[in-house]
Amino acid sequence: MAPQNTSLGVREELNGVEGVGSALVGGVTIDIHASTHLAPDLSCPASTPLPPTAPHTNKPPAAPPSAKEDQETTCLVDDGGGSDGASTSTRCSCRSPDVDGGWSWVVLVAAFLQFFVTSAIYYSFSVFFVELLATFKESRARTGWVYSSNTAVFMFSGPLGGWALARWGTRATLNLGGLLAALGYLGSAFAPNLNYIFLFYSVLNGMGTSFTFSGWVVGLSQFWVRRHALAMGVAMAGSGCGVLLLGPKMEVLVGHYGWRGAMVICAGLYLHLCVFASTLYTSQRPPPCRFLLHDGEKEEAGSEKEGPAAEARTEREEQRQSPRQVLCSPAFCLLAGSCFLSTMATTTVFAVLRDWAELEGLGAAFSSALAGSGAGDLLGRVMAGLLVGRGCQPMLLFSSVQLLLAATIGFAATASVSSQLIAAMVGFGMACGLHSVTYALMPSHLTTGQGVGHVLGCLLFVTGIGALVGPPVVGAMVDFSQSYGGAMLLITVAPAAAAVLNVAAFCCFRIRLCGLRTRAGADP
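What comes next is a walk through the structure. (Residues numbered from 1 in each chain as written. Predicted model: local features only at pLDDT ≥ 70, side-chain atom pairs only at ≥ 80, totals over all residues. Heavy atoms only, no water.)

1. A word on the packing of helix α3 (residues 125-136) against helix α12 (residues 330-359)
Okay, step 1: Between α3 and α12, the shortest axis-to-axis distance is 7 Å and the interhelical angle comes to 65 degrees. Crossing angle aside, the handedness with which α3 passes α12 is right-handed. Along its contact with α3, which presents S126, V127, F129, V130, E131 and L133, the element α12 presents F350, A351, V352, L353, R354, D355 and E358.
Okay, step 2: The class makeup of the residues in the contact of α3 with α12 is 8 nonpolar, 1 polar and 4 charged. (Axes fitted to C-alpha atoms, helices over the stretch in contact; angles between N-to-C directions. Helix = DSSP H or I, 4+ residues; strand = E, 2+ residues; numbered from the N terminus. Left-handed = near helix turned anticlockwise from the far one by under 90°. Contact = heavy atoms within 4.5 Å. Nonpolar A, V, L, I, M, F, W, Y, C, P; charged D, E, K, R; others polar.)

Next up, the structure:
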(Lines give C-alpha, C1' and ligand atoms only; values in the text may rest on other atoms or scores of the structure.)
Protein backbone atom coordinates (compact mmCIF):
# COMPACT_ATOMS: atom_id res chain seq x y z
CA MET A 1 0.00 0.00 0.00
CA ALA A 2 1.40 3.44 -0.90
CA PRO A 3 2.11 5.81 2.00
CA GLN A 4 -0.49 8.47 2.65
CA ASN A 5 0.17 12.17 3.15
CA THR A 6 -1.23 12.67 6.63
CA SER A 7 -1.29 15.97 8.49
CA LEU A 8 0.14 15.50 11.97
CA GLY A 9 -0.18 17.94 14.84
CA VAL A 10 2.78 17.70 17.17
CA ARG A 11 2.74 19.70 20.37
CA GLU A 12 6.18 19.85 21.99
CA GLU A 13 6.86 21.34 25.39
CA LEU A 14 10.55 22.26 25.47
CA ASN A 15 11.37 25.35 27.53
CA GLY A 16 9.17 28.40 27.10
CA VAL A 17 9.76 29.09 23.39
CA GLU A 18 6.76 29.13 21.12
CA GLY A 19 6.83 28.59 17.38
CA VAL A 20 5.13 26.86 14.49
CA GLY A 21 6.80 24.92 11.71
CA SER A 22 6.29 21.96 9.42
CA ALA A 23 8.38 19.22 7.90
CA LEU A 24 7.92 16.43 5.38
CA VAL A 25 9.13 13.09 6.79
CA GLY A 26 8.71 9.91 4.72
CA GLY A 27 5.76 11.31 2.83
CA VAL A 28 4.13 12.53 6.06
CA THR A 29 3.59 16.21 6.79
CA ILE A 30 4.32 17.18 10.41
CA ASP A 31 3.18 20.48 11.91
CA ILE A 32 5.14 21.44 15.02
CA HIS A 33 3.88 23.76 17.74
CA ALA A 34 6.65 24.22 20.31
CA SER A 35 6.20 25.58 23.79
CA THR A 36 9.23 24.67 25.88
CA HIS A 37 9.91 23.97 29.49
CA LEU A 38 12.92 22.43 31.19
CA ALA A 39 13.74 19.30 29.41
CA PRO A 40 15.32 16.26 30.45
CA ASP A 41 17.39 12.12 27.11
CA LEU A 42 19.00 12.53 24.00
CA SER A 43 16.71 9.89 22.63
CA CYS A 44 12.97 9.66 22.72
CA PRO A 45 11.85 6.74 24.87
CA ALA A 46 8.95 4.51 24.07
CA SER A 47 5.83 6.09 22.72
CA THR A 48 2.54 5.25 24.34
CA PRO A 49 -0.66 4.96 22.28
CA LEU A 50 -3.51 7.10 23.50
CA PRO A 51 -7.26 6.63 23.00
CA PRO A 52 -8.90 8.11 19.88
CA THR A 53 -9.16 11.88 20.05
CA ALA A 54 -10.82 14.65 18.14
CA PRO A 55 -8.87 16.30 15.30
CA HIS A 56 -5.96 18.44 16.50
CA THR A 57 -6.60 22.08 17.23
CA ASN A 58 -4.21 24.90 17.99
CA LYS A 59 -5.76 25.73 21.37
CA PRO A 60 -3.37 26.73 24.15
CA PRO A 61 -3.01 24.34 27.10
CA ALA A 62 -5.70 24.72 29.73
CA ALA A 63 -3.32 24.67 32.69
CA PRO A 64 0.34 25.45 33.32
CA PRO A 65 2.73 22.49 33.11
CA SER A 66 3.44 20.39 36.16
CA ALA A 67 6.85 19.80 37.71
CA LYS A 68 7.17 16.51 35.87
CA GLU A 69 6.39 18.20 32.55
CA ASP A 70 9.08 20.76 33.34
CA GLN A 71 11.62 17.93 33.22
CA GLU A 72 10.42 16.30 30.02
CA THR A 73 9.51 17.17 26.47
CA THR A 74 6.02 15.89 25.79
CA CYS A 75 5.09 15.31 22.16
CA LEU A 76 1.52 14.62 21.11
CA VAL A 77 1.12 13.23 17.59
CA ASP A 78 -2.31 13.15 15.93
CA ASP A 79 -2.72 11.20 12.68
CA GLY A 80 -5.64 13.35 11.58
CA GLY A 81 -8.03 10.46 11.22
CA GLY A 82 -8.05 7.41 8.96
CA SER A 83 -10.55 6.10 6.51
CA ASP A 84 -13.13 5.62 9.25
CA GLY A 85 -12.71 9.19 10.46
CA ALA A 86 -11.26 8.09 13.82
CA SER A 87 -8.15 9.80 15.13
CA THR A 88 -5.44 8.25 17.26
CA SER A 89 -2.57 9.96 19.07
CA THR A 90 0.84 9.01 20.35
CA ARG A 91 2.73 10.67 23.18
CA CYS A 92 6.39 10.34 24.09
CA SER A 93 8.79 12.07 26.44
CA CYS A 94 12.39 13.18 25.90
CA ARG A 95 14.91 14.16 28.57
CA SER A 96 17.74 16.61 28.57
CA PRO A 97 21.30 15.22 28.35
CA ASP A 98 21.83 16.96 31.71
CA VAL A 99 19.52 14.51 33.53
CA ASP A 100 21.20 11.29 34.74
CA GLY A 101 24.40 12.53 33.08
CA GLY A 102 26.22 15.60 31.86
CA TRP A 103 25.79 18.55 34.20
CA SER A 104 23.99 16.38 36.77
CA TRP A 105 27.41 15.11 37.89
CA VAL A 106 28.36 18.67 38.83
CA VAL A 107 25.10 18.96 40.79
CA LEU A 108 25.91 15.70 42.60
CA VAL A 109 29.35 16.99 43.64
CA ALA A 110 27.77 20.23 44.90
CA ALA A 111 25.21 18.27 46.93
CA PHE A 112 27.99 16.13 48.42
CA LEU A 113 29.88 19.26 49.48
CA GLN A 114 26.73 20.77 50.98
CA PHE A 115 26.21 17.73 53.23
CA PHE A 116 29.96 17.72 53.96
CA VAL A 117 29.91 21.28 55.33
CA THR A 118 26.57 21.32 57.15
CA SER A 119 27.00 17.94 58.88
CA ALA A 120 30.57 18.64 59.98
CA ILE A 121 29.48 21.87 61.69
CA TYR A 122 26.21 20.50 63.07
CA TYR A 123 27.65 17.36 64.67
CA SER A 124 30.56 19.29 66.19
CA PHE A 125 28.36 21.45 68.40
CA SER A 126 29.62 19.73 71.57
CA VAL A 127 32.83 21.77 71.09
CA PHE A 128 30.79 24.98 71.43
CA PHE A 129 28.63 23.48 74.21
CA VAL A 130 31.58 23.40 76.60
CA GLU A 131 32.64 26.94 75.64
CA LEU A 132 29.12 28.31 76.15
CA LEU A 133 28.98 26.73 79.61
CA ALA A 134 32.27 28.41 80.56
CA THR A 135 31.41 31.80 79.03
CA PHE A 136 27.84 32.40 80.19
CA LYS A 137 27.88 30.31 83.41
CA GLU A 138 24.43 28.92 82.66
CA SER A 139 23.20 25.46 83.66
CA ARG A 140 23.67 22.47 81.38
CA ALA A 141 19.90 22.17 81.08
CA ARG A 142 19.46 25.70 79.70
CA THR A 143 22.56 25.51 77.51
CA GLY A 144 21.34 22.19 76.13
CA TRP A 145 18.27 23.98 74.78
CA VAL A 146 20.51 25.79 72.27
CA TYR A 147 21.34 22.63 70.34
CA SER A 148 18.01 20.88 70.81
CA SER A 149 16.00 23.91 69.68
CA ASN A 150 18.21 24.25 66.59
CA THR A 151 17.40 20.64 65.69
CA ALA A 152 13.71 21.15 66.40
CA VAL A 153 13.52 24.29 64.24
CA PHE A 154 15.31 22.39 61.49
CA MET A 155 12.57 19.75 61.46
CA PHE A 156 9.63 22.04 62.14
CA SER A 157 10.66 24.26 59.20
CA GLY A 158 10.05 21.45 56.70
CA PRO A 159 6.60 22.73 55.62
CA LEU A 160 7.94 26.30 55.33
CA GLY A 161 10.78 25.05 53.15
CA GLY A 162 8.29 23.22 50.94
CA TRP A 163 6.30 26.43 50.52
CA ALA A 164 9.46 28.37 49.61
CA LEU A 165 10.40 25.74 47.02
CA ALA A 166 6.97 25.95 45.42
CA ARG A 167 6.92 29.76 45.54
CA TRP A 168 10.47 30.73 44.56
CA GLY A 169 12.09 27.62 43.15
CA THR A 170 15.01 25.46 44.17
CA ARG A 171 17.98 27.75 43.59
CA ALA A 172 16.40 30.78 45.31
CA THR A 173 15.43 28.64 48.33
CA LEU A 174 18.96 27.26 48.60
CA ASN A 175 20.47 30.74 48.45
CA LEU A 176 18.07 31.95 51.14
CA GLY A 177 18.91 28.95 53.30
CA GLY A 178 22.65 29.53 52.96
CA LEU A 179 22.31 33.19 53.92
CA LEU A 180 20.12 32.43 56.94
CA ALA A 181 22.47 29.69 58.15
CA ALA A 182 25.49 31.99 57.81
CA LEU A 183 23.70 34.86 59.57
CA GLY A 184 22.83 32.50 62.42
CA TYR A 185 26.47 31.72 63.15
CA LEU A 186 27.65 35.27 62.53
CA GLY A 187 25.09 36.71 64.96
CA SER A 188 25.93 34.05 67.55
CA ALA A 189 29.61 35.01 67.38
CA PHE A 190 28.79 38.48 68.78
CA ALA A 191 25.99 37.41 71.15
CA PRO A 192 26.26 38.92 74.67
CA ASN A 193 24.14 36.18 76.28
CA LEU A 194 22.33 32.93 75.54
CA ASN A 195 19.09 34.68 74.57
CA TYR A 196 20.72 36.06 71.43
CA ILE A 197 22.21 32.65 70.64
CA PHE A 198 18.72 31.17 70.86
CA LEU A 199 17.59 33.69 68.26
CA PHE A 200 20.53 33.45 65.87
CA TYR A 201 21.78 29.88 66.20
CA SER A 202 18.60 28.03 67.13
CA VAL A 203 16.10 29.87 64.92
CA LEU A 204 17.95 31.42 61.98
CA ASN A 205 20.57 28.72 61.51
CA GLY A 206 18.04 25.92 62.08
CA MET A 207 15.67 27.38 59.49
CA GLY A 208 18.49 27.98 57.00
CA THR A 209 19.85 24.44 57.20
CA SER A 210 16.31 23.09 56.82
CA PHE A 211 15.87 25.07 53.60
CA THR A 212 19.16 23.80 52.22
CA PHE A 213 18.36 20.19 53.11
CA SER A 214 14.91 20.29 51.48
CA GLY A 215 16.25 22.20 48.48
CA TRP A 216 18.98 19.68 47.71
CA VAL A 217 16.61 16.73 48.10
CA VAL A 218 14.36 18.34 45.48
CA GLY A 219 17.30 19.47 43.33
CA LEU A 220 18.76 15.99 43.12
CA SER A 221 15.37 14.58 42.11
CA GLN A 222 15.30 17.06 39.20
CA PHE A 223 18.70 16.06 37.83
CA TRP A 224 18.70 12.35 38.72
CA VAL A 225 15.73 10.19 37.72
CA ARG A 226 16.78 6.67 36.81
CA ARG A 227 19.60 6.60 39.38
CA HIS A 228 18.01 8.89 41.95
CA ALA A 229 18.45 6.54 44.92
CA LEU A 230 22.14 6.01 44.14
CA ALA A 231 22.72 9.74 43.70
CA MET A 232 21.01 10.48 47.01
CA GLY A 233 23.18 7.92 48.78
CA VAL A 234 26.38 9.34 47.31
CA ALA A 235 25.37 12.90 48.22
CA MET A 236 24.47 11.99 51.81
CA ALA A 237 27.78 10.19 52.18
CA GLY A 238 29.17 13.71 52.41
CA SER A 239 27.79 13.83 55.96
CA GLY A 240 30.07 11.06 57.16
CA CYS A 241 33.06 12.46 55.29
CA GLY A 242 32.46 15.91 56.77
CA VAL A 243 32.32 14.64 60.35
CA LEU A 244 35.38 12.49 59.74
CA LEU A 245 37.58 15.13 58.08
CA LEU A 246 36.27 18.55 59.11
CA GLY A 247 34.62 17.78 62.46
CA PRO A 248 37.83 17.36 64.50
CA LYS A 249 39.16 20.63 63.07
CA MET A 250 36.45 22.53 64.95
CA GLU A 251 38.27 21.94 68.22
CA VAL A 252 41.48 23.24 66.59
CA LEU A 253 39.68 26.38 65.38
CA VAL A 254 38.27 27.06 68.83
CA GLY A 255 41.72 26.61 70.34
CA HIS A 256 43.31 29.08 67.92
CA TYR A 257 40.59 31.71 67.47
CA GLY A 258 38.25 31.19 70.43
CA TRP A 259 34.66 30.03 70.05
CA ARG A 260 33.54 33.40 68.67
CA GLY A 261 36.20 33.42 65.97
CA ALA A 262 35.39 29.80 65.11
CA MET A 263 31.73 30.74 64.65
CA VAL A 264 32.71 33.53 62.23
CA ILE A 265 34.66 30.94 60.21
CA CYS A 266 31.61 28.64 60.26
CA ALA A 267 29.51 31.51 58.92
CA GLY A 268 31.95 31.82 56.02
CA LEU A 269 31.69 28.09 55.34
CA TYR A 270 27.89 28.37 55.25
CA LEU A 271 28.14 31.12 52.63
CA HIS A 272 29.71 28.53 50.33
CA LEU A 273 26.26 26.90 50.17
CA CYS A 274 25.18 29.76 47.90
CA VAL A 275 28.04 28.86 45.54
CA PHE A 276 26.92 25.22 45.50
CA ALA A 277 23.34 26.35 44.77
CA SER A 278 24.48 28.13 41.61
CA THR A 279 25.02 24.75 39.94
CA LEU A 280 21.28 24.07 39.80
CA TYR A 281 20.40 24.89 36.22
CA THR A 282 20.01 22.89 33.01
CA SER A 283 22.44 23.92 30.32
CA GLN A 284 21.06 21.94 27.38
CA ARG A 285 17.60 21.41 25.93
CA PRO A 286 16.35 17.99 24.94
CA PRO A 287 16.16 17.11 21.24
CA PRO A 288 12.75 16.89 19.56
CA CYS A 289 10.98 13.54 19.52
CA ARG A 290 11.18 11.50 16.32
CA PHE A 291 8.51 9.19 14.92
CA LEU A 292 8.67 6.58 12.17
CA LEU A 293 5.39 6.17 10.28
CA HIS A 294 4.65 3.65 7.57
CA ASP A 295 1.28 3.17 5.86
CA GLY A 296 -0.43 5.41 8.39
CA GLU A 297 0.65 3.25 11.33
CA LYS A 298 3.13 4.33 14.01
CA GLU A 299 6.22 2.25 14.62
CA GLU A 300 7.56 2.93 18.08
CA ALA A 301 11.07 2.41 19.39
CA GLY A 302 9.70 0.35 22.23
CA SER A 303 6.85 0.10 24.63
CA GLU A 304 6.53 -0.26 28.32
CA LYS A 305 6.13 -3.96 28.95
CA GLU A 306 3.61 -5.10 31.43
CA GLY A 307 4.49 -8.36 33.06
CA PRO A 308 4.46 -10.15 36.40
CA ALA A 309 6.84 -7.59 37.93
CA ALA A 310 4.55 -4.70 36.95
CA GLU A 311 1.54 -6.55 38.28
CA ALA A 312 3.34 -7.19 41.56
CA ARG A 313 4.18 -3.50 41.86
CA THR A 314 0.55 -2.60 41.22
CA GLU A 315 -0.57 -5.04 43.89
CA ARG A 316 1.82 -3.56 46.41
CA GLU A 317 0.59 -0.06 45.63
CA GLU A 318 -3.00 -1.13 46.20
CA GLN A 319 -2.09 -2.64 49.55
CA ARG A 320 -0.59 0.60 50.83
CA GLN A 321 -2.63 3.09 52.77
CA SER A 322 -3.62 6.62 51.92
CA PRO A 323 -1.94 9.41 53.96
CA ARG A 324 -4.96 9.98 56.17
CA GLN A 325 -5.26 6.27 56.95
CA VAL A 326 -1.55 6.05 57.72
CA LEU A 327 -1.57 8.97 60.15
CA CYS A 328 -4.49 7.45 62.07
CA SER A 329 -3.17 3.89 62.04
CA PRO A 330 -1.61 2.10 65.04
CA ALA A 331 1.46 1.31 62.92
CA PHE A 332 2.24 4.99 62.36
CA CYS A 333 1.66 5.93 66.00
CA LEU A 334 4.04 3.20 67.16
CA LEU A 335 6.60 4.16 64.51
CA ALA A 336 6.39 7.83 65.53
CA GLY A 337 7.02 6.90 69.18
CA SER A 338 9.95 4.76 68.09
CA CYS A 339 11.52 7.61 66.08
CA PHE A 340 10.92 10.02 69.00
CA LEU A 341 12.97 7.88 71.39
CA SER A 342 15.83 7.00 69.04
CA THR A 343 16.25 10.60 67.80
CA MET A 344 16.20 11.90 71.37
CA ALA A 345 19.14 9.60 72.17
CA THR A 346 21.26 10.39 69.10
CA THR A 347 20.76 14.16 69.38
CA THR A 348 21.75 14.10 73.05
CA VAL A 349 24.97 12.19 72.41
CA PHE A 350 26.19 14.71 69.84
CA ALA A 351 25.22 17.62 72.10
CA VAL A 352 27.05 16.52 75.25
CA LEU A 353 29.84 14.30 73.89
CA ARG A 354 32.74 16.59 74.81
CA ASP A 355 31.40 17.56 78.22
CA TRP A 356 30.67 13.93 79.02
CA ALA A 357 34.16 12.82 77.90
CA GLU A 358 35.87 15.49 80.01
CA LEU A 359 33.89 14.61 83.15
CA GLU A 360 34.89 10.97 82.67
CA GLY A 361 38.56 11.90 82.20
CA LEU A 362 38.57 11.02 78.48
CA GLY A 363 38.63 14.52 77.06
CA ALA A 364 41.85 13.86 75.12
CA ALA A 365 40.01 11.24 73.06
CA PHE A 366 37.20 13.57 72.00
CA SER A 367 38.55 14.53 68.56
CA SER A 368 39.38 10.93 67.69
CA ALA A 369 35.98 9.77 68.92
CA LEU A 370 34.19 12.39 66.82
CA ALA A 371 36.22 11.44 63.74
CA GLY A 372 35.45 7.78 64.42
CA SER A 373 31.73 8.52 64.50
CA GLY A 374 32.08 10.19 61.09
CA ALA A 375 33.85 7.17 59.63
CA GLY A 376 31.19 4.88 61.08
CA ASP A 377 28.42 7.10 59.69
CA LEU A 378 29.88 6.85 56.19
CA LEU A 379 30.12 3.07 56.46
CA GLY A 380 26.58 2.83 57.83
CA ARG A 381 25.04 4.75 54.93
CA VAL A 382 26.76 2.48 52.41
CA MET A 383 25.65 -0.63 54.30
CA ALA A 384 22.05 0.60 54.45
CA GLY A 385 21.92 0.98 50.67
CA LEU A 386 23.32 -2.52 50.16
CA LEU A 387 20.98 -4.15 52.70
CA VAL A 388 17.81 -2.50 51.44
CA GLY A 389 18.84 -3.09 47.82
CA ARG A 390 19.06 -6.81 48.53
CA GLY A 391 15.49 -6.97 49.79
CA CYS A 392 15.97 -6.45 53.54
CA GLN A 393 12.67 -5.35 55.13
CA PRO A 394 13.15 -1.66 56.09
CA MET A 395 11.09 -1.72 59.29
CA LEU A 396 12.86 -4.79 60.67
CA LEU A 397 16.22 -3.30 59.67
CA PHE A 398 15.21 -0.12 61.51
CA SER A 399 14.61 -2.14 64.70
CA SER A 400 18.02 -3.79 64.40
CA VAL A 401 19.65 -0.38 63.96
CA GLN A 402 17.96 0.93 67.10
CA LEU A 403 19.26 -2.04 69.08
CA LEU A 404 22.73 -1.28 67.73
CA LEU A 405 22.33 2.32 68.90
CA ALA A 406 21.47 1.12 72.41
CA ALA A 407 24.43 -1.27 72.48
CA THR A 408 27.00 1.28 71.32
CA ILE A 409 25.78 4.03 73.67
CA GLY A 410 25.90 1.56 76.57
CA PHE A 411 29.41 0.51 75.60
CA ALA A 412 30.53 4.15 75.43
CA ALA A 413 28.96 4.84 78.86
CA THR A 414 31.09 2.11 80.44
CA ALA A 415 34.32 3.06 78.60
CA SER A 416 37.29 3.56 80.92
CA VAL A 417 40.08 4.17 78.39
CA SER A 418 40.29 6.20 75.21
CA SER A 419 40.41 3.22 72.86
CA GLN A 420 37.10 1.92 74.21
CA LEU A 421 35.41 5.28 73.75
CA ILE A 422 36.71 5.60 70.17
CA ALA A 423 35.57 2.08 69.27
CA ALA A 424 32.15 2.75 70.78
CA MET A 425 31.78 5.98 68.79
CA VAL A 426 32.71 4.22 65.55
CA GLY A 427 29.88 1.77 66.19
CA PHE A 428 27.58 4.60 67.21
CA GLY A 429 28.35 6.51 63.99
CA MET A 430 27.64 3.40 61.90
CA ALA A 431 24.31 2.99 63.68
CA CYS A 432 23.49 6.68 63.03
CA GLY A 433 24.26 6.28 59.32
CA LEU A 434 22.01 3.22 59.09
CA HIS A 435 19.36 5.06 61.10
CA SER A 436 19.35 8.09 58.76
CA VAL A 437 18.85 6.05 55.59
CA THR A 438 16.26 3.61 56.93
CA TYR A 439 14.35 6.44 58.61
CA ALA A 440 13.97 8.12 55.21
CA LEU A 441 12.49 4.91 53.78
CA MET A 442 9.68 4.57 56.33
CA PRO A 443 7.11 6.96 54.74
CA SER A 444 7.38 5.41 51.25
CA HIS A 445 7.08 1.98 52.84
CA LEU A 446 3.79 2.87 54.49
CA THR A 447 1.95 4.76 51.77
CA THR A 448 1.82 5.56 48.07
CA GLY A 449 3.92 8.17 46.27
CA GLN A 450 1.29 10.91 46.52
CA GLY A 451 1.27 10.76 50.33
CA VAL A 452 4.95 10.38 51.14
CA GLY A 453 5.41 14.12 51.72
CA HIS A 454 2.53 14.31 54.20
CA VAL A 455 3.66 11.26 56.15
CA LEU A 456 7.28 12.41 56.19
CA GLY A 457 6.25 15.86 57.44
CA CYS A 458 4.32 14.42 60.38
CA LEU A 459 7.13 11.99 61.18
CA LEU A 460 9.66 14.84 61.13
CA PHE A 461 7.45 16.87 63.45
CA VAL A 462 7.33 14.10 66.06
CA THR A 463 11.05 13.46 65.65
CA GLY A 464 11.71 17.16 66.15
CA ILE A 465 9.99 17.01 69.54
CA GLY A 466 12.36 14.21 70.54
CA ALA A 467 15.36 16.25 69.46
CA LEU A 468 13.98 19.25 71.35
CA VAL A 469 13.57 17.59 74.75
CA GLY A 470 16.60 15.27 74.81
CA PRO A 471 19.60 17.53 75.60
CA PRO A 472 17.75 19.75 78.14
CA VAL A 473 16.43 16.73 80.06
CA VAL A 474 19.85 15.12 80.19
CA GLY A 475 21.44 18.45 81.14
CA ALA A 476 19.00 18.84 84.03
CA MET A 477 19.79 15.32 85.24
CA VAL A 478 23.53 16.04 85.18
CA ASP A 479 23.06 19.38 86.97
CA PHE A 480 21.12 17.59 89.70
CA SER A 481 23.39 14.57 90.17
CA GLN A 482 26.73 16.03 88.96
CA SER A 483 27.21 12.79 87.04
CA TYR A 484 26.34 11.39 83.64
CA GLY A 485 25.47 7.95 85.06
CA GLY A 486 21.68 8.31 85.12
CA ALA A 487 21.62 10.34 81.91
CA MET A 488 23.59 7.69 80.00
CA LEU A 489 21.27 5.01 81.31
CA LEU A 490 18.29 6.97 79.97
CA ILE A 491 19.70 7.43 76.46
CA THR A 492 20.78 3.76 76.40
CA VAL A 493 17.33 2.45 77.29
CA ALA A 494 15.52 4.87 74.92
CA PRO A 495 16.65 3.31 71.59
CA ALA A 496 16.13 -0.20 72.99
CA ALA A 497 12.52 0.71 73.82
CA ALA A 498 12.26 2.29 70.36
CA ALA A 499 13.20 -1.05 68.77
CA VAL A 500 10.37 -2.77 70.65
CA LEU A 501 7.86 -0.14 69.48
CA ASN A 502 9.08 -0.50 65.91
CA VAL A 503 8.62 -4.28 65.94
CA ALA A 504 5.08 -3.71 67.19
CA ALA A 505 4.53 -1.22 64.35
CA PHE A 506 5.76 -3.79 61.83
CA CYS A 507 3.37 -6.42 63.23
CA CYS A 508 0.41 -4.02 62.93
CA PHE A 509 1.41 -3.21 59.36
CA ARG A 510 1.64 -6.89 58.39
CA ILE A 511 -1.69 -7.71 60.03
CA ARG A 512 -3.36 -5.03 57.95
CA LEU A 513 -1.80 -6.34 54.73
CA CYS A 514 -2.94 -9.87 55.51
CA GLY A 515 -6.46 -8.55 56.07
CA LEU A 516 -6.41 -6.76 52.71
CA ARG A 517 -5.25 -9.89 50.91
CA THR A 518 -7.96 -11.94 52.59
CA ARG A 519 -10.68 -9.49 51.58
CA ALA A 520 -9.29 -9.26 48.06
CA GLY A 521 -9.41 -13.07 47.74
CA ALA A 522 -12.99 -13.15 49.02
CA ASP A 523 -14.19 -10.58 46.45
CA PRO A 524 -15.86 -12.10 43.38
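2. With respect to the pattern of salt bridges
Okay, step 1: Considering all chains together, one arrives at 7 salt bridges under this definition.
Okay, step 2: Two residues, R142 and E138, come together in a salt bridge whose shortest N-O distance is 3.4 Å.
Okay, step 3: In this structure, the salt-bridge partner of E251 is R354, at a minimum N-O distance of 3.9 Å. Note that E251 is positioned in helix α9 (residues 249-277) and R354 in helix α12, a separation of 103 residues in sequence.
Okay, step 4: For E251, a relative accessible area of 24% translates into the label partly exposed.
Okay, step 5: Here the salt bridges share partners, and the residues they tie into one network are E131, E251, R354 and E358. (Salt bridge = Lys/Arg side-chain N within 4 Å of Asp/Glu carboxyl O. Buried < 20%, exposed > 50% of the residue type's maximum accessible area, 1.4 Å probe, protein only.)

3. Some details on the state of the cysteines
Okay, step 1: By the definition in use, this model includes 0 disulfides.
Okay, step 2: Here C328 stays unpaired: no disulfide links it, and the sulfur of C333, its closest cysteine neighbor, is 7.7 Å away.
Okay, step 3: Take C328: its relative accessible area is 65%, and that puts it in the exposed class. (Disulfide = S-S within 2.5 Å.)

4. With respect to the side chain of T118
Okay, step 1: Inspection of the secondary structure puts T118 in helix α2 (residues 104-122).
Okay, step 2: You can call T118 buried: its relative accessible area is 9%.
Okay, step 3: Among all residues touching T118, those that are not within four sequence positions of it are Y270 and L273.

5. Here's the deal with the nonpolar core
Okay, step 1: In this structure, F128, Y185, I197 and L421 are the most contacted members of the largest nonpolar core, which totals 81 residues.
Okay, step 2: Discounting residues that sit within four places of it in the chain, L421 has contacts with W356, A357, L362, A365, A369, A412 and A415.
Okay, step 3: In terms of nonpolar packing, the next biggest core, distinct from the first, is built from 17 residues, F332, L335, F398 and M442 among them. (Core = buried A, V, L, I, M, F, W, Y, C linked by side-chain atoms within 4.5 Å.)

6. Here we look at the packing of aromatic side chains
Okay, step 1: Tallied over the full model, the rule gives 13 aromatic pairs.
Okay, step 2: Here the aromatic rings of F128 and Y185 are separated by 6.3 Å at their centres, their planes lie at 65 degrees, and the arrangement is edge-to-face. One end of the pair, F128, is in helix α3; the other, Y185, is in helix α6 (residues 170-189), with 57 residues separating them in the sequence.
Okay, step 3: For F128, a relative accessible area of 1% puts it in the buried group.
Okay, step 4: Site record: aromatic cluster; members linked through ring pairs are Y122, Y123, F125, F128, Y147, Y185, Y201, Y270, F350 and F428. (Phe/Tyr/Trp six-rings, centres within 6.5 Å; stacked < 30°, edge-to-face > 60°.)

7. Some remarks on α3
Okay, step 1: Compared with the 16 Å implied by 1.5 Å per residue over 12 residues, the 16 Å span of α3 between its first and last C-alpha is a close match.
Okay, step 2: Counting buried positions over the 12 residues of α3 gives 9, a clear majority of the element.
Okay, step 3: Restricting attention to buried positions, one finds in α3 the residues F125, S126, V127, F128, F129, V130, L132, L133 and F136.
Okay, step 4: K137 occupies a position one or two residues after α3 and carries a positive phi of about 55 degrees. (Expected span 1.5 Å × (residues − 1).)

8. With respect to the environment of Y439
Okay, step 1: Note that Y439 resides in helix α15 (residues 418-446).
Okay, step 2: For Y439, a relative accessible area of 10% translates into the label buried.
Okay, step 3: Separated by 44 residues in sequence, Y439 and M395 have C-alpha atoms that sit 8.8 Å apart.
Okay, step 4: Sequence-distant contacts of Y439, defined by excluding residues within four places in its chain, comprise C339, F398, L459, L460 and T463.

9. Describing unusual backbone geometry
Okay, step 1: In this structure, K137 takes a positive phi of about 55 degrees despite not being glycine.
Okay, step 2: Along the chain, K137 turns up in the loop between α3 and α4 (140-156).
Okay, step 3: The exposure class of K137 is exposed, given its relative accessible area of 68%.
Okay, step 4: Even without being glycine, Q482 reaches a positive phi, approximately 55 degrees.

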